[in-house]
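For reference, the chains in residue letters:
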Amino acid sequence: MELKINLSRFRKLAEYKEGQFNMLMPHEPNKAEHYGVYLIVFDNGYPYYVGTSHHLRRRVLSHWWGMKGGYHKFPLVQSAFDKCKCFEVYALSEGGIGAWEDDFIMVLRPPLNISCAKRLLHLDDLKNVSSYLGFSLSSLLDEERNIKFIKDEASEKETYIICPHCGEKIKISVSK
């Protein structure tokens, strides 16, 4: 069974394609904390890596510099970059609201992550992740399933911001 998770559900933080890196997160002061769980997707939605940081923008940049320089600290991530030379970074959860990195790792089983979930997960946490991703818990925990992240081209053309209070997308439209 292949589960396809639409990337338009998440805020895009950065992308590298056609030799150009674009940081889509606003600049933050050096000491500003911005906790988030992020997803790095290579190629056409597979393979992928899940990570976390208290300084999200800085961490996304360090991934980029490591991959670009050929010395990323995770060899599987470096290898994925070397093969396709393109990637996108998405926020799975931000500001400590929602699920944690271990929750996503347990459910998604990212092929580029070296370590498995480090803490015991509770059923409620797993249910939260599955509803956040838009699938039933049983389908996500099925041992035979494969996950692929896809792009919805129509929604990629929309511009939106994330509400700092509830985390929901707010669509922005400009008219003349």
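Right above here is the structure, for reference.
Residues numbered from 1 in each chain as written. Predicted model: local features only at pLDDT ≥ 70, side-chain atom pairs only at ≥ 80, totals over all residues. Heavy atoms only, no water.

Participant: It is not clear to me how the overall build of the chain should be interpreted in this structure. Could you clarify?
Facilitator: Helix and strand counts for the chain stand at 6 helices and 9 strands. Out of the 176 residues in the chain, the part that is buried amounts to 43%. A separation threshold of at least 6 residues defines the contact pool for the chain, and within that pool the share at least 24 residues apart is 63%. A total of about 10,200 Å² of accessible surface is found on the chain, and carbon and sulfur atoms cover 54% of it. (Helix = DSSP H or I, 4+ residues; strand = E, 2+ residues; numbered from the N terminus. Buried < 20%, exposed > 50% of the residue type's maximum accessible area, 1.4 Å probe, protein only. Contact = heavy atoms within 4.5 Å. Areas by Shrake-Rupley, 256 points an atom, 1.4 Å probe, with all protein chains shown as cover.)

Participant: Mind showing me how you'd approach the pairing of strand β5 (residues 48-53) here?
Facilitator: The side chains of a regular strand alternate between both faces of the sheet. The element β5 is largely enclosed, with a buried count of 5 among its 6 residues. Here strand β4 (residues 36-42) runs beside β5; their pairing, made up of 6 bridges, is antiparallel. From the neighbouring strand, V37 faces β5, where its bridge partner is T52. In this structure, the hairpin formed by β4 and β5 is closed by a connection of 5 residues, where D43 is found at a positive phi of approximately 55 degrees. (Pairing = 2+ DSSP bridges.)

Participant: How should I be thinking about helix α1 (residues 56-69) in this particular structure?
Facilitator: Turn by turn, an α-helix covers 3.6 residues, leaving residues three or four places apart pointing in a common direction. An ideal rise of 1.5 Å per residue puts 20 Å on 14 residues; α1 measures up with 20 Å between its terminal C-alpha atoms. Those residues of α1 not exposed but buried are L56, R57, R59, V60, H63, W64, G66 and M67. Residues of α1 that are buried in the fold lie against β2 (11-17), β3 (20-23), β4, β5, α2 (75-84) and β6 (87-94). One or two steps after α1, the chain reaches G70, where phi turns positive at roughly 80 degrees. (Expected span 1.5 Å × (residues − 1).)

Participant: Hey, could you run me through the pattern of salt bridges in this one?
Facilitator: Pairing is possible between side chains that carry opposite charge, provided their charged atoms lie close to one another. Applying the stated criterion across every chain yields a total of 5 salt bridges. The closest approach of N and O atoms between R11 and E94, which form a salt bridge, is 2.6 Å. Of this pair, R11 sits in strand β2 while E94 sits in strand β6, and the two are 83 residues apart along the sequence. Judged on exposure class, the residue R11 and its partner E94 are both buried. Here D82 ties to K85 by a salt bridge, and the two come within 3.9 Å at their closest N and O atoms. Residue classification places K85 among the partly exposed positions, given a relative accessible area of 43%. (Salt bridge = Lys/Arg side-chain N within 4 Å of Asp/Glu carboxyl O.)

Participant: I would appreciate a short explanation of unusual backbone geometry in the present structure.
Facilitator: Trans is the common state for peptide bonds, and a negative phi is the common state for residues other than glycine. Even without being a glycine, K85 presents a positive backbone phi close to 55 degrees. By the element assignment, K85 lies in the loop between α2 and β6. In the Ramachandran plot, R109 falls in the positive-phi region, its phi being about 45 degrees despite a non-glycine side chain. If you trace the backbone, R109 turns up in the loop between α3 (101-108) and α4 (123-133).

That's the geometry; what it means functionally is another story.
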